[in-house]
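# Close look at the chain arrangement
Below are the chains, spelled out letter by letter.
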Amino acid sequence: MNARTPAITRKPRIGLVAGGLGAYWPQFPDLLPQLRRSAERVTERMREFDAEVVDVGFISDAQEGAVAAEKLRAADCDLIVGFLTTYMTATMLVPIARRSGAPVLLINLQPTEAMDHASFDTGAWLAYCGACPLPEMANAFERVGVPFRSVSGYLEDQRAWDRIGRWIRAAGVRSVLRHGRHGLMGHLYPGMYDVSTDLTMVTGNLGGHVEVLEFDDLRVRVQQVKDDEVEAKLAETREVFELADSVVEEDLAWAARVAVGLDRLVADFDLDSLAYYHRGLDGEIHEKLGAGMILGSSLLTARGVPAAGEYELRTSLAMLICDRFGAGGSFTELQALNFRDAVVEMGHDGPGHLAISERKPLLRGLGVYHGKRGWGVSVEFDVRHGPVTLVGLGQTRDGRYKIIASEGEVVGGPLLRIGNTTSRVDFGCDPGEWTDAWSASGVAHHWALATGRLLPELRALADLTGLELVEVAA
């Protein structure tokens, strides 16, 4: 199923500069017009990505490079793409790489797959010479302390454009993390050392802002919800979910009221993600609020505002990463190992990413939430069958974050019917051996389960953010 309301996503701002050595222009009059046409085509292709493109034009010497560097610095780009149309000196691009404050991707896209050697003269050859300065740029970038990355191909080479698109998407995720606002509401689930998060290190590792919220921030908004808003949310719920016979109407109505309050909370605080937990006691209002959050949190997650229970801030961030890569990202932990079928069963009670469900998700009524205070409705489904990637954010003893990932495949088979999201994941190896390797990676006991194979995108993101990527293979 599809998410009902797309989240307002921050588009990455991509700076674009093309260039070549100005000494060639008087020597070969036809060369510059050809290179400008190539640059125009690159601009067209770049604008096809869901990004804001800041094109500062064509540079021919170090002075023009310095002017472009100032324009790009002022534009506050998330990624700068330098198009090497022919040979150019490092002095033309190093100022851009040094002054912009943004990661730089160099692209070398020659006009066609190969030269026509029989008819080409020097001027025609130089249009194919974008590869020549790449080692020079790499050497200079290393010596001035700027990370180097490049994509080489030809102008209409789809493989090259796929790689360029991967860098742009990763820049978009980096932008969301740098500018994101992440809600943290309630308190830590007692005893969970692994999920406790130093809020300063979120900003230190990823950027962004953590907004500390009280459950009372939700309480006052739920109290303001009108009956017609509850009815509208109930109508949405019945459209999105299949309802089990165990759902109690009173519990469903309360969950819908809390869901409207959650919508207001997210809007009022301009949140990109939310992690929450509150234990409560003896049926008082805070316990009721905590127990009523599963429906609204699942709907938010499907809209692109991931919500994770158990105060799991780093997992809500991992879910956000997956969502912005277009892969969903559902709150997940280990549930059991199936050695007969060679699968790992994983999922979680509480919110799930409805947009990546294999089928229409089910709302099931529960008399008790295992391990938590409360009762009411819970979400049940398995993630869409096919390739999946597990994504977690680990933290080292010195506070550094690392991305931890593993690719597998969700397969069909028997599932528990207890109001949990549950998926059977085949990693192509013994479930016990995989579980030992995954646990040894430093991941916490929650993570995001996303659709598709995300390792190429995660490698690009790790490169742009400076985070370590730990790949747990079968």
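Up top is the structure.
Residues numbered from 1 in each chain as written. Predicted model: local features only at pLDDT ≥ 70, side-chain atom pairs only at ≥ 80, totals over all residues. Heavy atoms only, no water.

### Things to note about the pattern of salt bridges
Tallied over the entire structure, the rule returns 29 salt bridges. Salt-bridge contacts for Arg41 lead to Glu44; the nearest nitrogen and oxygen are separated by 3.0 Å. Of this pair, Arg41 and Glu44 both sit in helix H2 (residues 31-47), three residues apart, roughly one helical turn. What makes Arg41 partly exposed here is its relative accessible area of 24%. When its relative accessible area of 46% is taken as the criterion, Glu44 is described as partly exposed. Salt bridges sharing partners connect three or more residues here, namely Arg41, Glu44, Arg45, Glu48 and Glu156. (Salt bridge = Lys/Arg side-chain N within 4 Å of Asp/Glu carboxyl O. Helix = DSSP H or I, 4+ residues; strand = E, 2+ residues; numbered from the N terminus. Buried < 20%, exposed > 50% of the residue type's maximum accessible area, 1.4 Å probe, protein only.)

### Looking at the packing of helix H7 (residues 158-179) against helix H14 (residues 313-324)
Running from N to C, H7 and H14 point in directions that differ by 145°, and their axes come no closer than 9 Å. Seen from above, H7 lies across H14 with right-handed handedness. In this structure, H7 contributes Val173, Val176 and Leu177 to the contact, and H14 contributes Leu320, Ile321 and Arg324. Considered class by class, the residues forming the contact of H7 with H14 number five nonpolar, no polar and one charged. (Axes fitted to C-alpha atoms, helices over the stretch in contact; angles between N-to-C directions. Left-handed = near helix turned anticlockwise from the far one by under 90°. Contact = heavy atoms within 4.5 Å. Nonpolar A, V, L, I, M, F, W, Y, C, P; charged D, E, K, R; others polar.)

### Describing the sheet that holds strand E6 (residues 181-186)
As summarised here, the arrangement of the four strands in space is E7-E6-E9-E10, forming an open sheet in which the pairing is parallel. Among the strands making up the open sheet, the edge pair consists of strand E7 (209-213) and strand E10 (307-308). Pairing analysis gives two bridges linking strand E9 (residues 273-277) to E10, with the strands arranged parallel. Counted as the bridge partner of Leu274 is Ala307 from E10. (Pairing = 2+ DSSP bridges.)

### Some remarks on the packing of aromatic side chains
For the coordinates displayed, the defined rule picks out nine aromatic pairs. Ring centres 6.1 Å apart and planes at 80° place the aromatic pair Phe141 and Phe148 in the edge-to-face group. Since its relative accessible area comes to 1%, Phe141 is described here as buried. Cluster of aromatic residues (ring-pair linked, three or more members): Phe427, Trp434, Trp438 and Trp447. Sitting over the face of the ring of Trp254, Lys288 holds its NZ or CZ atom 4.7 Å from the ring centroid. (Phe/Tyr/Trp six-rings, centres within 6.5 Å; stacked < 30°, edge-to-face > 60°. Lys NZ or Arg CZ within 6 Å of the ring centre and 35° of its normal.)

### Examining the sheet that holds strand E8 (residues 242-243)
Taking strand neighbours across the sheet as the criterion, the three strands line up as E8-E13-E14 in an open arrangement whose pairing is mixed. Because the sheet does not close on itself, it has two edges, and the strands there are E8 and strand E14 (376-380).

### Points about the environment of Gln34
Tracing the sequence through the fold places Gln34 in helix H2. The partly exposed category is assigned to Gln34, whose relative accessible area is 24%. A sequence separation of 68 residues divides Gln34 from Ala102, and the C-alpha atoms of the two residues are 29 Å apart. Dropping the residues within four chain positions of it, Gln34 is found in contact with Pro111 and Ala127.

### Structural notes on the environment of Gly283
Considering the arrangement of structural elements, one finds Gly283 in the loop between E9 and helix H12 (285-291). Taking the relative accessible area as the measure of exposure, Gly283 reaches 31% and is therefore partly exposed. Here the alpha-carbon distance between Gly283 and Pro29, two residues 254 residues apart in the chain, equals 82 Å.

### Some details on H14
With twelve residues, H14 extends 17 Å from end C-alpha to end C-alpha; this agrees with the ideal 16 Å at 1.5 Å per step. Of all twelve residues in H14, twelve are buried, a share of seventy percent or more. If you check which residues of H14 are buried, you get Leu313, Arg314, Thr315, Ser316, Leu317, Ala318, Met319, Leu320, Ile321, Cys322, Asp323 and Arg324. (Expected span 1.5 Å × (residues − 1).)

### Section: the nonpolar core
Counting residues in each nonpolar core, the largest one holds 75 residues, and the members touching the most others are Val42, Met46, Leu79, Ile107, Leu109, Ile403 and Leu458. No other element matches H7, which puts ten residues into this core. Beyond its immediate sequence surroundings of up to four residues, Val42 is in contact with Leu16, Phe83, Ile107, Leu109, Leu155 and Trp161. With 36 residues, the next largest nonpolar core counts Ala256, Ile404, Val410 and Leu449 among its residues. (Core = buried A, V, L, I, M, F, W, Y, C linked by side-chain atoms within 4.5 Å.)

### A word on the pairing of strand E1 (residues 13-19)
Across the seven residues that make up E1, a large majority, six, are buried. Pairing analysis gives six bridges linking E1 to strand E2 (residues 52-59), with the strands arranged parallel. Its bridge partner being in E2, Ala18 is matched across the sheet by Phe58. Direction of pairing for E1 relative to strand E3 (residues 79-84): parallel, over a ladder of six bridges. Across the sheet, Val17 pairs through a bridge with Gly82, a residue of E3.

### Structural notes on unusual backbone geometry
A positive phi is found at Asp282, a non-glycine position, where the angle reads about 55°. Position of Asp282 relative to the elements: it lies in the loop between E9 and H12. Take Asp282: its relative accessible area is 64%, and that puts it in the exposed class. Look at Tyr311: it is not a glycine, yet its phi comes out positive at around 60°. Of note, Tyr311 is situated in the loop between E10 and H14. A relative accessible area of 17% means that Tyr311 is categorised as buried.

### A few points about the packing of H7 against helix H16 (residues 455-465)
Orientation of H7 relative to H16, taken along the N-to-C sense of each, is 55°, at an axis distance of 9 Å. One way to sum up the angle between H7 and H16 is to call them oblique. In this structure, H7 meets H16 at a crossing whose hand is right-handed. Contacts between H7 and H16 involve Arg166, Trp167, Arg169, Ala170, Ala171, Val173 and Arg174 on the former and, on the latter, Pro456, Glu457, Ala460, Leu461, Asp463, Leu464 and Thr465. Of the residues contributing to the contact of H7 with H16, the split by class is eight nonpolar, one polar and five charged. (Parallel < 35°, antiparallel > 145°, perpendicular 65-115°, else oblique.)

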